[in-house]
Each structure stands twice: as structure tokens, then as C-alpha cells.
Amino acid sequence: MRPRIPVLLYHAVMDDPPPWIAEFTVTPQDFGAQLDAVVASGRTAVPLSALARHLAGKGDLPSRPVVLTFDDGFADLPGPTAEALASRDLPATAYLTTGAITPGRASLLPPAPMMDLAEAPLLEQYGMEVGAHTVTHPQLDTLTPREVRRELRDSKAVLEDVLGHEVAHLAYPHGYNSRAVRRAARDAGYASAVAVRHALSSEADEPYRIARLIVRRTHTVADIEGWMAGRGARTAPYPDSPATVGWRLYRRARARVRRRPEFAG
């Protein structure tokens, strides 16, 4: 059996989230209990870059790794969320939607309390790795090649400018990707990209669609414990299901009719 690697996907950590993101929000109390379960599992937290290097054959992993990731850049991230991680010596990776956190810029994300782009260096001071999550948070697999390139390259450039170093890791909004999108991510200079897939990753996973387990408000400490034990989800890599392919084709057709990018969420 392939060693199973849990890569957890969090969004906001708050008590009173906007309705549109509530399903993917955990309370600070639940978040702390879940982090304690990660620590108690004996797994070693590593940033996504460590897993990406290993998948590329360029580095070793601890015997029982776990990866914690955060998408979008909600307001809690550079404050209580980063503090909760740092207090437990848990490194993590944050994927930021630059249009949603940059004053004067726009994104497809509905209104929510968001961090500011200027706070991105603070995340690194807390020990978090920063990756890109596009500019506007669109369904990348429904865009034209030019639009995909702009989303990937512009978000990368904005983050590199504020951080002063290369940003080499990407998260597809809502996990939506395709063979063409994965190729565009590689061509844009990313060393890895994470999807969702609702699955455990593994040492045989694909570097440009690394599987993650999305944490919902209904998940319990027992769920986290199961994932840490390598249970409760299938293991990547595996081919896209007919349902996934059909959903992609439907969304592409809808995007052509509406003639505008759609929010991935």
C-alpha cells in the first residue's frame, strides 16, 4: 500500500462567517481541538513545498507527514489562526487570492472579512509558506488559455513583489483543473499545484493536482483522527470519475453561454 499523506484544506476560522463560506468554516474552538488532534497523532507537519519536492524526487519526507493548507486569505489568517499554528510549532501553507486582498482590486469572491496583501509577509514571520490562489478565484477549467495565463501569472507576480522572493506553489480555486490548466501552471513557473479531490495524498500523487481533504464545519475531531491514521478517504492518484468529467463539461458549456468567468465555489 502507498503511504497515505493527509493534506488538509481550511478556509476561514471564525465564529460568525458569511453564509456563503459557512460550510467551509470552523470555529476557533474546533480549530484548536483539531490542531491538537494533529499533534497527538504523532504526524510531522511540513509545508506543501516539502511534499512537492518529494514528489519531484528532490527531497525526503518525515516518516508520517501531514500538510495544513489555507485558501483565499480570510482576515483571521495573519492573526489568531497563524498564532494557533505557531503555538503548536505547526508549519502550514497559505494560498492567497490577490484580487480579494488587494485594496482597489476586485475578485469573484462574495463579501467577507479578508486580510490585506500587505500582511502577507507577516504570515511568513509566523512560519507559514505563501502560495498563489489566482487573482479573481474563477473556475480555471472554463477559461480561455489567455485568461488562465493571466490569472496564474498576475497573482504570482503580485505576491512575489510584496514578499520579495519567488512564489512557486499554486492552489486551483475550488480544485477545478484540467490537463490544460495543469500544463499552464507548470508553464507559469509553479513547482506544484493542489486540487481538492476529497482524498488522501500519497508519495505517488501528481505534483500538479495534489489531493487535499477539505475541512467542513461538520467535521469532528474523530474525522481528523481518522485522516491522521490514513482512514476515511480514498488515496490519490486516481483517474477523474465520469461524474467529474461530466460536471466539467457542463460548467464549460454554461460559461460559454454566459460569456463571463464564474466564481469557483
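How each quantity is defined
- Residues numbered from 1 in each chain as written.
- Predicted model: local features only at pLDDT ≥ 70, side-chain atom pairs only at ≥ 80, totals over all residues.
- Heavy atoms only, no water.
- Helix = DSSP H or I, 4+ residues; strand = E, 2+ residues; numbered from the N terminus.
- Rg over C-alpha atoms; globule rule 2.2 N^0.38 Å.
- Buried < 20%, exposed > 50% of the residue type's maximum accessible area, 1.4 Å probe, protein only.
- Contact = heavy atoms within 4.5 Å.
- Areas by Shrake-Rupley, 256 points an atom, 1.4 Å probe, with all protein chains shown as cover.
- Lys, Arg positive; Asp, Glu negative; His and termini not counted.
- Charge placed at Lys NZ, Arg CZ, Asp CG, Glu CD.
- Phe/Tyr/Trp six-rings, centres within 6.5 Å; stacked < 30°, edge-to-face > 60°.
- Pairing = 2+ DSSP bridges.
- Arc of directions from axis to C-beta.
- Polar contact = N/O pair within 3.5 Å; in protein donor to acceptor, adjacent residues only side chain to side chain.

Regarding the overall build of the protein
So, point 1. Helix and strand counts for the protein stand at nine helices and 10 strands.
So, point 2. In terms of C-alpha radius of gyration, the protein reaches 17 Å, essentially the compact-globule figure of 18 Å for 265 residues.
So, point 3. In terms of principal-axis extent, the alpha carbons of the protein reach across some 50 × 40 × 35 Å.
So, point 4. A total of 265 residues make up the protein; the buried ones form 54% of that total.
So, point 5. For the protein, long-range pairs separated by at least 24 residues make up 69% of all intrachain contacts whose partners lie at least 6 apart in sequence.
So, point 6. For the protein, the accessible surface area stands at approximately 11600 Å², while carbon and sulfur atoms represent 51% of it.
So, point 7. Across the protein, the 32 positively charged side chains and the 30 negatively charged ones have centroids separated by 12 Å.

Focus: the packing of aromatic side chains
So, point 1. Tallied over the entire structure, the rule returns six aromatic pairs.
So, point 2. An angle of 15° between the planes, with centres 5.4 Å apart, marks the rings of Tyr 10 and Phe 70 as stacked. On the criterion of sequence distance, the pair formed by Tyr 10 in strand β2 (residues 7-10) and Phe 70 in strand β4 (residues 65-72) is long-range, its members being 60 residues apart. No difference in accessibility class separates Tyr 10 from Phe 70, as the two residues are buried.

Focus on the pairing of β2
So, point 1. Judged by which residues are buried, β2 turns out to be covered on both faces: Val 7 and Leu 9 on one side and Leu 8 and Tyr 10 on the other are all buried.
So, point 2. Pairing of β2 with β4 involves four bridges; the strand directions are parallel. Note that in β4 the partner of Tyr 10 across the bridge is Phe 70.
So, point 3. When β2 meets strand β10 (residues 210-214), the two strands line up parallel, connected through two bridges. Each bridged residue has a counterpart across the sheet, and for Leu 9 the counterpart in β10 is Ile 214.

Thoughts on helix α7 (residues 179-187)
So, point 1. Buried within α7 we find Val 181, Arg 182, Ala 184 and Ala 185. Down the axis of α7, the smallest arc covering the buried residues is 160°, so these residues share one side.
So, point 2. Those residues of α7 that are buried are in contact with α6 (145-163) and β7 (169-171).
So, point 3. Gly 189, located one to two residues past α7, shows a positive phi value of around 100°.

Let's talk about the environment of Leu 213
So, point 1. With respect to the helices, strands and loops of the structure, Leu 213 is situated in strand β10.
So, point 2. For the pair Leu 213 and His 198, spaced 15 residues apart in sequence, the C-alpha separation works out to 4.6 Å.
So, point 3. Residues contacting Leu 213, with those up to four places away along its chain left out, are Pro 6, Val 7, Leu 8, Leu 9, His 198, Ala 199, Leu 200, Trp 227 and Ala 233.

As for the side chain of Ser 202
So, point 1. Relative to the elements of secondary structure, Ser 202 occurs in strand β9 (residues 201-202).
So, point 2. Within polar-contact distance, the side chain of Ser 202 engages the backbone oxygen of Ala 236 at 2.7 Å.

Focus on the pairing of strand β6 (residues 128-132)
So, point 1. The element β6 is extensively covered by neighbouring structure, given that five of its five residues are classed as buried.
So, point 2. The two faces of β6 match: Met 128, Val 130 and Ala 132 on one face and Glu 129 and Gly 131 on the other face are all buried.
So, point 3. Note: strand β5 (residues 92-96) against β6, five bridges, orientation parallel. Looking at the pairing, Ala 94 lines up with Val 130 of β6.

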